[in-house]
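# Structural features, examined
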Amino acid sequence: MARGITRTQVIDSAAALVNTHGFAALSLAQIAGQAGIKVPSLYNYVTGIDDVRQALATRGAQEILAVVLHAAVGRAGTDAIMAVALAYRAYIVHNPGVYAATIHADNLDPEFRHANTELLRVLSQILAHYCLTELALIHALRGLRSLVHGFATLEISGGFGMPVDLDVSFVQMVQTFIGGISQATATIQ
């Protein structure tokens, strides 16, 4: 990859590394090796490891938004929540290192912040079907994101040792979540 590489290719190399070896283990030396260049040459494309981490976070946030939007198109209510949860989980499982980059709140990149704001907007629109109060909507957003994050990160780390189908467990958990917000809606009306 050494001749004629681009910043995008450097970030691609970093993404491949973090998805294989973990976000915390990322180093400029690894990226340079993966890209087929020397570490000093990396500075033609990035300002340092923090720049790479921020670029990975922005990429991940944008990819998650795209995955969620795609899953939500043409769906509403229960069907939309399930489709989004399944797609979100699949993204995390297939991109664990890039996803790990997205959960650091100190990223000031406007594109990162925009993607996260849009993700919350899309999730809020999906949950609007349940006519939740503003406060209940915030709780539901946190709940949905937490259940997907928690399940997927436990799955990635091998935290589920019992020989029971993970997909069935996940669907059942999302259905329980949906039942909970449906129940909350019923008590409000």
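Figured I'd write up the structure that's included with this text.

## Overview of the overall build of the protein
Looking only at helices and strands, one finds nine helices and zero strands in the protein. The order of α-helices and β-strands along the protein, N terminus first, is α-α-α-α-α-α-α-α-α. A buried classification covers 40% of the 189 residues belonging to the protein. The contacts in the protein between residues at least 6 apart in sequence include a share of 69% that link residues at least 24 apart. Only carbon and sulfur atoms are counted for the fraction: they give 58% of the accessible area of the protein, which is about 10,000 Å².

## Observations regarding the packing of aromatic side chains
Applying the stated criterion across every chain, the model contains two aromatic pairs. Here Phe 151 and Phe 160 contribute two aromatic rings whose centre-to-centre distance is 4.7 Å and whose plane-to-plane angle is 35°, an arrangement assigned as tilted. Residue Phe 160 is classed as partly exposed on the basis of its relative accessible area, which comes to 33%. A network of ring pairs unites the aromatic residues Phe 151, Phe 160 and Phe 170 as a single cluster. Lying across the ring of Phe 23, Arg 53 places its NZ or CZ 5.9 Å from the centre. A cation over an aromatic ring shows up here: Arg 89 above the ring of Phe 170, its NZ or CZ 4.9 Å from the ring centre.

## So, the environment of Leu 42
Along the polypeptide, Leu 42 turns up in helix 3 (residues 39–42). By relative accessible area, Leu 42 is classed as buried at 1%. Spatially, the C-alpha atom of Leu 42 lies 7.7 Å from that of Leu 28, the residues being 14 residues apart in sequence. Not counting residues within four places of it along the chain, the set of residues in contact with Leu 42 comprises Val 10, Leu 28, Ile 31, Ala 32 and Ile 37.

## Some thoughts on the packing of helix 1 (residues 7–21) against helix 2 (residues 28–35)
Two elements in contact, helix 1 and helix 2, have axes whose closest approach is 9 Å; the angle formed by their N-to-C orientations is 115°. Judged by the angle between their axes, helix 1 and helix 2 are roughly perpendicular. Helix 1 and helix 2 meet at a crossing whose hand is right-handed. Residues Val 10, Ser 13, Ala 14, Ala 16 and Leu 17 of helix 1 form the contact with helix 2, whose own contacting residues are Gln 30, Ile 31, Gln 34 and Ala 35.

## As for helix 1
In this model helix 1 runs 21 Å from its N-terminal to its C-terminal C-alpha over 15 residues, within 8% of the 21 Å that 1.5 Å per residue would give. Every buried residue of helix 1 is listed here: Val 10, Ile 11, Ser 13, Ala 14, Ala 15, Leu 17 and Val 18. Each element contacted by the buried residues of helix 1 is listed here: helix 2, helix 3, helix 4 (49–72) and helix 6 (96–102). Two residues or fewer past helix 1, Gly 22 is found with a positive phi of approximately 100°.

## Focus on the side chain of Thr 102
With respect to the helices, strands and loops of the structure, Thr 102 is situated in helix 6. Overall, the relative accessible area of 12% leaves Thr 102 in the buried class. Contacts of Thr 102, omitting those with residues within four sequence positions, involve Ala 57, Gly 60, Ala 61, Ile 64 and Phe 112.

## Some remarks on the pattern of salt bridges
Per the counting criterion, the structure on display carries seven salt bridges. Asp 12 serves as the salt-bridge partner of Arg 59, at 2.7 Å between the closest nitrogen and oxygen. In this pair, Arg 59 is assigned in helix 4 and Asp 12 in helix 1, connecting sequence segments 47 residues apart. A salt bridge links Asp 167 to Arg 89; the shortest N-O distance between them is 3.0 Å. With Asp 167 in helix 9 (residues 166–188) and Arg 89 in helix 5 (residues 77–94), this pair connects stretches of sequence that are 78 residues apart. Residue Asp 167 is classed as partly exposed on the basis of its relative accessible area, which comes to 45%. Owing to a relative accessible area of 6%, Arg 89 belongs among the buried residues under this scheme. Within this structure, Arg 89, Glu 155 and Asp 167 form a network of salt bridges that share partners.

Reading the values: the criteria
- Residues numbered from 1 in each chain as written.
- Predicted model: local features only at pLDDT ≥ 70, side-chain atom pairs only at ≥ 80, totals over all residues.
- Heavy atoms only, no water.
- Helix = DSSP H or I, 4+ residues; strand = E, 2+ residues; numbered from the N terminus.
- Buried < 20%, exposed > 50% of the residue type's maximum accessible area, 1.4 Å probe, protein only.
- Contact = heavy atoms within 4.5 Å.
- Areas by Shrake-Rupley, 256 points an atom, 1.4 Å probe, with all protein chains shown as cover.
- Phe/Tyr/Trp six-rings, centres within 6.5 Å; stacked < 30°, edge-to-face > 60°.
- Lys NZ or Arg CZ within 6 Å of the ring centre and 35° of its normal.
- Axes fitted to C-alpha atoms, helices over the stretch in contact; angles between N-to-C directions.
- Parallel < 35°, antiparallel > 145°, perpendicular 65-115°, else oblique.
- Left-handed = near helix turned anticlockwise from the far one by under 90°.
- Expected span 1.5 Å × (residues − 1).
- Salt bridge = Lys/Arg side-chain N within 4 Å of Asp/Glu carboxyl O.

Keep in mind these numbers describe shape, not what the thing actually does.
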